[in-house]
Amino acid sequence: MAQFTNQAQLSYNGSVVNSNIAVGEILEVLSASKTAVMDDYTRNDDVTYVISVVNSSTSPVTGLTVTDDLGGYAFGENTLYPLSYVNGSVRMYINGVLQLAPTVTAGPPLAFSGITLPAGGNLMIIYEAEVTQFAPLDVGGSIVNTATVVGAGLPSTVTVTETVTPEEEPELTITKFIEPVPVTENGTLTYRFIIQNYGNTAAVATDNVAVTDTFDPILNVLTVTLDGTPLALTTEYTYDVTTGVFATVPGVITVPAATYTQDVTTGAWIITPGVTELVVTGTV
């Protein structure tokens, strides 16, 4: 509901008299809302959005078009888009009944068109957008994207906005290397574990990070180091020489957060993961 005011003037014999300020209201035909199913995201994630539109008038609205700017933001002289429509993902419901998909222009901007919303009816459009290389991932970043709704004969555009933020937690990967290859019988063998954190938050002791492995052939352990610092048997790692089962004690391993820099030319976000190295050396 939009409010407007108006005031008149009366002039006579060189005098001017103002009227009272009259206040009126325009009952908007369409109302809308936009919601992300999850309010955070990670790299390579898909964000599901729901746009709801209600027609409060006694007449249908034809030629309805819903657009989404996909979070576009200015970068130098260009516009970067942190979201990209996932083809084929749209579902459209009118009064709770699944309809044929609207006409889709992937954009950017993304547009759903050719929609008719009956009198007193409600529309729900559900779709997915993929997080692109232009989405900020650091703590404090966000994707703010705006949807607009227009229809034939409507005096104004309905605008709704939704904000999602990067998920604040570690995102770990592990890679294992064997050195040397090949190794001679009774020779020294090294297992090297590289743990990388692509998340914007460090993995700390309370995250209970642990590495487990079953060495085959069984390794007669000589040394275990974490980022070059020796670990102590029993208190920081365990090893069963009869089965080859090795495990670090949960919480001993920590991994720093990733860092993010935006390429000054392309605007793409570059991830430098935090790294921790676990090295186990022994004889076979």
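> I'd like a description of the sheet that holds strand E18 (residues 188–197), backed by residues and values.
Pairing is antiparallel in the open sheet, where five strands are placed in the order E17-E18-E26-E20-E21. Of all the strands in the sheet, the pair left with one neighbour each is strand E17 (172–179) and strand E21 (229–230). Relative to E21, strand E20 (residues 220–226) runs antiparallel, the two sharing two bridges. Within E21, the residue paired with leucine 226 across the bridge is threonine 229.

> Outline the packing of aromatic side chains, supporting the account with residue identities and numerical values.
Taken as a whole and assessed by the stated rule, the structure comprises seven aromatic pairs. With 5.1 Å between their ring centres and 55° between their planes, phenylalanine 112 and tyrosine 127 make a pair best called tilted. Here phenylalanine 112, found in strand E13 (residues 110–117), pairs with tyrosine 127, found in strand E14 (residues 122–131); they are 15 residues apart in sequence, far enough to count as distant. Among the aromatic side chains, those forming a connected cluster through ring pairs are Tyr191, Phe215, Tyr237, Tyr239 and Phe246. A cation sits over an aromatic face here: lysine 176 above tyrosine 191, 4.3 Å from the ring centre.

> Outline the pattern of salt bridges, listing residues and values.
Per the stated rule, a full pass over the model turns up five salt bridges. The salt bridge involving arginine 43 is made with glutamate 171; its shortest N-O contact spans 3.0 Å. With arginine 43 in the loop between strand E4 (40–41) and strand E5 (46–55) and glutamate 171 in the loop between strand E16 (158–166) and E17, the pair connects residues that are 128 residues apart, well separated along the chain. Its relative accessible area of 26% is what places arginine 43 among the partly exposed residues. Residue glutamate 171 is classed as partly exposed on the basis of its relative accessible area of 26%. The salt bridge involving glutamate 277 is made with arginine 192; its shortest N-O contact spans 3.0 Å. Highlighted residues: glutamate 277 in strand E26 (residues 274–283) and arginine 192 in strand E18, separated in sequence by 85 residues. Among the residues examined, arginine 192 registers a relative accessible area of 22% and is labelled partly exposed. Here the salt bridges do not stand alone but share partners, grouping Glu179, Arg192 and Glu277 into one network.

> Can you break down the sheet that holds E16 residue by residue, with the values?
If you walk across this open sheet you meet the six strands as E4-E16-E15-E6-E13-E12, and the pairing is mixed. Looking at the sheet topology across the chains shown, the edges are occupied by E4 and strand E12 (103–105). Taken together, the two bridges between E4 and E16 define a ladder with parallel strand orientation. Opposite aspartate 40, over in E16, you have threonine 165 as the bridge partner.

> So what about the environment of glutamate 77? Which residues, and what values?
Tracing the chain through its elements places glutamate 77 in the loop between strand E7 (73–75) and strand E8 (78–80). C-alpha of glutamate 77 to C-alpha of tyrosine 260: the two residues are 183 residues apart in sequence and 22 Å apart in space.

> Tell me what's going on with the pairing of strand E23 (residues 245–248), and back it up with residues and numbers.
Two elements, strand E19 (residues 212–214) and E23, share three bridges in a ladder whose sense is antiparallel. Residue pairing for E23: aspartate 213 is matched across the bridge by phenylalanine 246. Across three bridges, strand E22 (residues 237–239) lies against E23 in antiparallel orientation. By the bridge assignment for E23, tyrosine 237 is matched with threonine 248.

> Requested: an account of unusual backbone geometry, with residues and values cited.
That bond from proline 108 to proline 109 is cis: its omega, -5°, falls within 30 degrees of zero. Locating proline 109 in the fold gives a position in the loop between E12 and E13. Residue valine 181 is joined to proline 182 through a cis peptide bond whose omega torsion reads 0°. For proline 182, the location among the structural elements is in the loop between E17 and E18. In this model, asparagine 44 sits at a positive phi of 60°, which is unusual for a non-glycine residue. Within the secondary structure, asparagine 44 is located in the loop between E4 and E5. Positive phi is not limited to glycine here, since leucine 70 has a value of about 55°. Note on placement: leucine 70 falls in the loop between strand E6 (61–68) and E7.

Cut-offs used in this document
- Every chain is numbered on its own, with residues counted from 1 as its sequence reads.
- Reporting in this predicted model follows two pLDDT cut-offs: at least 70 for local features of residues, and 80 or more for side-chain atom pairs to be given and counted; totals over whole chains, interfaces and linings ignore these cut-offs and use all residues.
- Side-chain measures here rest on the full set of heavy atoms in the structure, leaving out hydrogens and waters.
- When DSSP finds two or more bridges between two strands, those strands count as paired.
- Strands are runs of DSSP state E lasting at least 2 residues, helices are runs of H or I lasting at least 4, and numbering of each runs from the N terminus.
- Note on aromatic contacts: the rings of Phe and Tyr and the six-membered ring of Trp form a pair at centre separations within 6.5 Å, being stacked when their planes are under 30 degrees apart, edge-to-face when over 60 apart, and tilted otherwise.
- Criterion for a charge above a ring: Lys NZ or Arg CZ within 6 Å of the ring centre, and within 35 degrees of the ring normal.
- Salt bridge, as used here: a side-chain nitrogen of Lys or Arg that lies within 4 Å of a carboxyl oxygen of Asp or Glu.
- Residue burial is assigned from relative accessible area. The probe radius is 1.4 Å, only protein chains are included, and a residue is buried under 20% of its type maximum, exposed over 50%, and partly exposed in between.

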